[in-house]
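# Summary of structural features
Here is what each chain is made of, one letter per residue.
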Amino acid sequence: WPLGGPPTSVAYVRAKFLSGAPSEELTHLRNVVARSTDWGSVLSKALLSAFDSASFARIEPNWRWQIAYQAVATICVYWADEYAPVADWAFAQLAERPEDLTTGLREVLGDLALQRGDRTAFELAVRGLDNGLANAMRAAQLAIDGQWAAAQVAFEAALKQRKSEI
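Thresholds applied
- Residues numbered from 1 in each chain as written.
- Predicted model: local features only at pLDDT ≥ 70, side-chain atom pairs only at ≥ 80, totals over all residues.
- Heavy atoms only, no water.
- Helix = DSSP H or I, 4+ residues; strand = E, 2+ residues; numbered from the N terminus.
- Buried < 20%, exposed > 50% of the residue type's maximum accessible area, 1.4 Å probe, protein only.
- Expected span 1.5 Å × (residues − 1).
- Contact = heavy atoms within 4.5 Å.
- Core = buried A, V, L, I, M, F, W, Y, C linked by side-chain atoms within 4.5 Å.
- Phe/Tyr/Trp six-rings, centres within 6.5 Å; stacked < 30°, edge-to-face > 60°.
- Salt bridge = Lys/Arg side-chain N within 4 Å of Asp/Glu carboxyl O.

For the protein, the helix and strand inventory stands at ten helices and zero strands. Secondary structure elements of the protein occur, N-terminal to C-terminal, as α-α-α-α-α-α-α-α-α-α. Dimensions of the protein, computed from the C-alpha atoms along their principal axes, are close to 60 × 30 × 25 Å. Residues counted as buried form 43% of the 166 residues belonging to the protein.

The end-to-end C-alpha distance of helix α7 (residues 103–116) is 20 Å, a good match for the 20 Å that 14 residues give at a rise of 1.5 Å each. Buried residues along α7 sit in contact with α5 (61–78), α6 (84–96), α8 (119–126) and α9 (132–144). After α7 finishes, the residue Gly 117 shows a positive phi value of roughly 75 degrees.

Here Gly 117 shows up in the loop between α7 and α8. Between the C-alpha atoms of Gly 117 and Ile 144, which are 27 residues apart in sequence, the distance is 9.0 Å.

Membership of the largest hydrophobic core comes to 50 residues, with the highest contact counts inside it found for Val 13, Phe 17, Leu 47, Val 72, Leu 105 and Leu 109. Where this core is concerned, the elements lending two or more residues are α1 (6–18), α2 (23–34), α3 (39–48), α5, α6, α7, α8 and α9. Sort the elements by how many residues they give to this core and α5 lands first, with nine residues. Excluding residues within four positions of it along the chain, Leu 105 makes contact with Trp 65, Ala 68, Tyr 69, Val 72 and Ala 90.

Assignment of secondary structure puts Ser 44 in helix α3. Those residues within four positions of Ser 44 in sequence are excluded, and the remaining contacts are Ser 49 and Tyr 83.

Turning next to the environment of Leu 124. Relative to the assigned elements, Leu 124 resides in helix α8. Residues Leu 124 and Leu 109, 15 residues apart in the sequence, show an inter-C-alpha distance of 9.3 Å. Setting aside chain neighbours within four positions, we find Leu 124 in contact with Leu 94, Ala 95 and Arg 106.

Attention shifts here to the packing of aromatic side chains. One pass over the structure, following the stated rule, counts six aromatic pairs. When the ring of Trp 39 is compared with that of Trp 63, the centres are 6.4 Å apart and the planes differ by 75 degrees; the resulting orientation is edge-to-face. In this pair, Trp 39 sits in helix α3 while Trp 63 sits in helix α5, placing the two residues 24 residues apart along the sequence. Overall, the relative accessible area of 12% leaves Trp 39 in the buried class.

So, on to the pattern of salt bridges. Tallied over the full model, the rule gives six salt bridges. Its salt-bridge partner being Glu 25, residue Lys 16 comes within 2.5 Å of it at the nearest N-O pair. A residue is classified by how much of its surface remains accessible, and Lys 16, at 22% relative accessible area, is partly exposed. When its relative accessible area of 32% is taken as the criterion, Glu 25 is described as partly exposed. Residue Glu 165 is joined to Arg 162 by a salt bridge in which the shortest nitrogen-to-oxygen separation is 3.1 Å. Of the two residues, Glu 165 and Arg 162 are both situated in helix α10 (residues 148–165); the distance of three residues between them amounts to about one turn of the helix. Among the residues examined, Glu 165 registers a relative accessible area of 34% and is labelled partly exposed. Judged by relative accessible area, Arg 162 falls into the partly exposed class, the value being 37%. Through salt bridges that share partners, Arg 119, Glu 123 and Asp 145 make up one connected network.

Structure, rendered in structure tokens:
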């Protein structure tokens, strides 16, 4: 794969993604690049290091939502502040057009909002979601609010629901 080294790979991936290349082409590109180098590192340098919301919005939708999901999940787990601009963009998308976001992205946005103590964003993220993860986060919000008994009941129900989902 090497097209002249990592900088060239990063530039090529950036150009392909931001030009609106179709999903199949991007998947093929990922598979080829991943044979010889760390795909996550290339993708991060190409699209997330110098994040630009207008350019990011041009990425093929399936890939765009998946990349946003991975960035927000990374913040949730590692508090990786370098991905904060992606999270801010995703929260803006949630406010403007929540129906376009994937369930997974809405779930991690809910998690991040819960961690940040942003109740409005949390409620928007989980609105309409009825699954074990969303209900467990709602139970966590009850615990944060000091409603211990209600939180315990909600957690038990959410865990049973999640167990049946997996």
